[in-house]
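Each chain, letter by letter, is given below.
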Amino acid sequence: MSDTMLAVIGGSGLYEIEGLEGAVWQEVSTPWGAPSDAILTGVLDGLPMAFLPRHGRGHVHSPTDVPYRANIDALKQLGATHVLSVSACGSFREEMKPGDFVICDQFIDRTVDRKKSFFSSGCVAHVSMAHPACRALGRAAADAARTAGVTVHDGGCYLAMEGPQFSSLAESRMYREHWGADVIGMTNMPEAKLAREAELHYATVAMVTDYDSWHPDHGEVDVTEIVRVLTGNSARAREMIAGMPSRLDHRCDQACDRALEYAIITAPDRRDPVLVAKLATVAGRVLGG
Ligand SMILES: CSC[C@H]1O[C@H](OP(=O)(O)O)[C@H](O)[C@@H]1O
Ligand SMILES: Nc1ncnc2[nH]cnc12
């Protein structure tokens, strides 16, 4: 796959990766503002790679304020075709234990204070989010993580909450018992929606750090404990990433890279040229230019 570039968005506890040949931190500007940080680019086992720390090095951006649109635009500008999100999460399932990885295939978006689309009045688009994650990319990550010695759960529903506070006991029980969510975090929405609009293959590796607030045998969520689990996991997360280049030749059968094919509904002669210009990177394939 000669035109493949894998971008990794590193979440809490994963602010850089090692081992890229020709590694360089690149500043990228976008029509949506600045991304979370400079982006590390280089080559790993022959595969062009990009790495972006979602919260910035030093964890400066709160989940609400992460510049999600700029991040996705910047990664696509650099040539990314695939985006692997590596994220900390709480677990709603006894068997999804701290230290385990969950390859999420569904999302529930409970966020309320974020820009969720590149499109708006002047160029309206509606993409499908029925199957929000790229199965082929998820399978590759699952295989790489298992080889790194991680217990991996194939499939799971990620509930994205606004935060930054953790959930109340009542919310935690509702998500777990009535909504069917398996894990909870604060960042993968609207990231997955924006990756879909930008026609990128997107998959989430959710690293379980805690049992949120529902579990009778575990205390409240505690950032110190989350960081302790993440620190214990970071070598295996890095090993999983190192195992991705040899596994990325799985063919996607979901047409993630053609998500906009029939999505734009605004008539060509009614489109706002200013917005169309801003969309050049994410939607240039269908908008022209
Ligand atoms: C440090 S605990 C809460 C924080 O961690 C997760 O971030 P990410 O998804 O970027 O790993 C969670 O969503 C919260 O933002
Ligand atoms: N329990 C939790 N809720 C939301 N985000 C999290 N990130 C890690 N653990 C979390």
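Because the structure is predicted, anything quoted here is derived from the model rather than measured.

**A short note on the site of ligand 1**
All residues in the neighbourhood of ligand 1 are listed as Gly11, Ser12, Arg54, His55, Pro63, Ser87, Ala88, Gly185, Met186, Thr187 and Ile226. Ser12 has a polar side-chain atom sitting 2.8 Å from an oxygen atom of ligand 1. Met186 places a main-chain nitrogen or oxygen 2.7 Å from an oxygen atom of ligand 1. Compared with its free state, where it exposes 390 Å², ligand 1 has 91% of that area covered by protein. Here the shell around ligand 1 is built from residues that sort into four nonpolar, six polar and one charged.

**Considering the site of ligand 2**
Taken together, 13 residues sit near ligand 2, with Cys89, Gly90, Thr209, Asp210 and Asp212 positioned nearest. Contacts to ligand 2 include Thr209, whose side-chain N or O atom sits 3.5 Å from a nitrogen atom. Between ligand 2 and the protein, one listed contact pairs a nitrogen atom with a side-chain N or O atom of Asp212 at 2.8 Å. Those elements that provide at least two residues to the shell around ligand 2 are β5 (82–91), β10 (183–185) and β11 (201–210).

**Overview of the side chain of Ser91**
Structurally, the position occupied by Ser91 is in strand β5. Of the polar contacts made by the side chain of Ser91, one reaches the backbone oxygen of Met96; its length is 2.8 Å. What Ser91 contacts, discounting residues up to four positions off in sequence, is Met96, Asp182, Val183, Val208, Asp210, Tyr211, Asp212 and Trp214.

**Things to note about the state of the cysteines**
With the rule as written, the count across this model stands at zero disulfides. Among the cysteines around Cys157, which has no disulfide bond, Cys104 carries the closest sulfur, lying 7.9 Å off. Exposure remark for Cys157: the relative accessible area of 12% places this residue in the buried category.

**Digging into the pattern of salt bridges**
Taken as a whole and judged by the stated rule, the model has 14 salt bridges. Notably, a salt bridge pairs Glu225 with Arg228, separated by 2.9 Å at the nearest N-O pair. Residue Glu225 and its partner Arg228 are both found in helix α5 (residues 223–242); the two are separated by three residues, about one turn of the helix. For Glu225, a relative accessible area of 32% translates into the label partly exposed. Taking relative accessible area as the criterion, Arg228 reaches 54% and is therefore assigned exposed. Put simply, Asp109, Lys116 and Lys193 are held in one network by salt bridges that share partners.

**Side note on the packing of aromatic side chains**
Taken as a whole and judged by the stated rule, the model has five aromatic pairs. The interplanar angle of 55° and the centroid separation of 5.7 Å between the aromatic rings of Phe107 and Tyr158 together place this pair among those described as tilted. Here Tyr158 lies in strand β9 (residues 157–160) and Phe107 lies in strand β7 (residues 106–109), a separation of 51 residues in the sequence. Neither Phe107 nor Tyr158 differs from the other in exposure class; each is buried. Following the ring pairs from residue to residue traces out a cluster consisting of Phe92, Tyr175 and Trp179. When the ring centre of Trp25 is taken as reference, the NZ or CZ atom of Arg57 above it lies at 3.8 Å. Over the face of the ring belonging to Trp214 we find Arg176, whose NZ or CZ atom lies 3.8 Å from the ring centre.

**Brief notes about the nonpolar core**
With 45 residues, the main nonpolar core has Ile72, Leu75, Phe118, Phe119, Val183 and Leu279 as its most contacted residues. The element that contributes the greatest number of residues to this core is helix α1 (residues 68–77), accounting for five residues. Non-local contacts of Ile72, meaning those with residues more than four positions away in its chain, are made with Ile9, Phe118, Glu191, Leu194, Ala195, Ala198 and Leu200.

**Some thoughts on the confidence of the model for the chain**
On average, residues of the chain score 96 in pLDDT, and 99% of them are at 70 or above. Both confidence scores are given for the complex: pTM 0.98, ipTM 0.99.

**Quick look at unusual backbone geometry**
Of note, the bond from Gly163 into Pro164 is cis; its omega dihedral lies within 30 degrees of zero at 5°. Examined against the element boundaries, Pro164 turns out to sit in the loop between β9 and α3 (169–178). For the bond running from Met189 to Pro190, omega is 10°, close enough to zero to count as cis. Note that Pro190 resides in helix α4 (residues 188–197). You will see that Glu199, though not glycine, has its phi angle at about 60°, which is positive. Inspection of the secondary structure puts Glu199 in the loop between α4 and β11.

**Considering helix α7 (residues 280–287)**
Residues separated by three or four positions in an α-helix point in the same direction, a consequence of the helix having 3.6 residues per turn. Val282, Ala283, Gly284 and Leu287 are the residues of α7 that are buried. Check the buried side of α7 and you find it contacts α1, α4 and α6 (273–278). Just past α7, the residue Gly288 takes up positive phi, approximately 80°.

Criteria and cut-off values
Residues numbered from 1 in each chain as written. Chains lettered and ligands numbered in written order. Predicted model: local features only at pLDDT ≥ 70, side-chain atom pairs only at ≥ 80, totals over all residues. Heavy atoms only, no water. Near = heavy atom within 4 Å. Polar contact = N/O pair within 3.5 Å; in protein donor to acceptor, adjacent residues only side chain to side chain. Areas by Shrake-Rupley, 256 points an atom, 1.4 Å probe, with all protein chains shown as cover. Nonpolar A, V, L, I, M, F, W, Y, C, P; charged D, E, K, R; others polar. Helix = DSSP H or I, 4+ residues; strand = E, 2+ residues; numbered from the N terminus. Contact = heavy atoms within 4.5 Å. Disulfide = S-S within 2.5 Å. Buried < 20%, exposed > 50% of the residue type's maximum accessible area, 1.4 Å probe, protein only. Salt bridge = Lys/Arg side-chain N within 4 Å of Asp/Glu carboxyl O. Phe/Tyr/Trp six-rings, centres within 6.5 Å; stacked < 30°, edge-to-face > 60°. Lys NZ or Arg CZ within 6 Å of the ring centre and 35° of its normal. Core = buried A, V, L, I, M, F, W, Y, C linked by side-chain atoms within 4.5 Å. pLDDT = per-residue confidence, 0-100.

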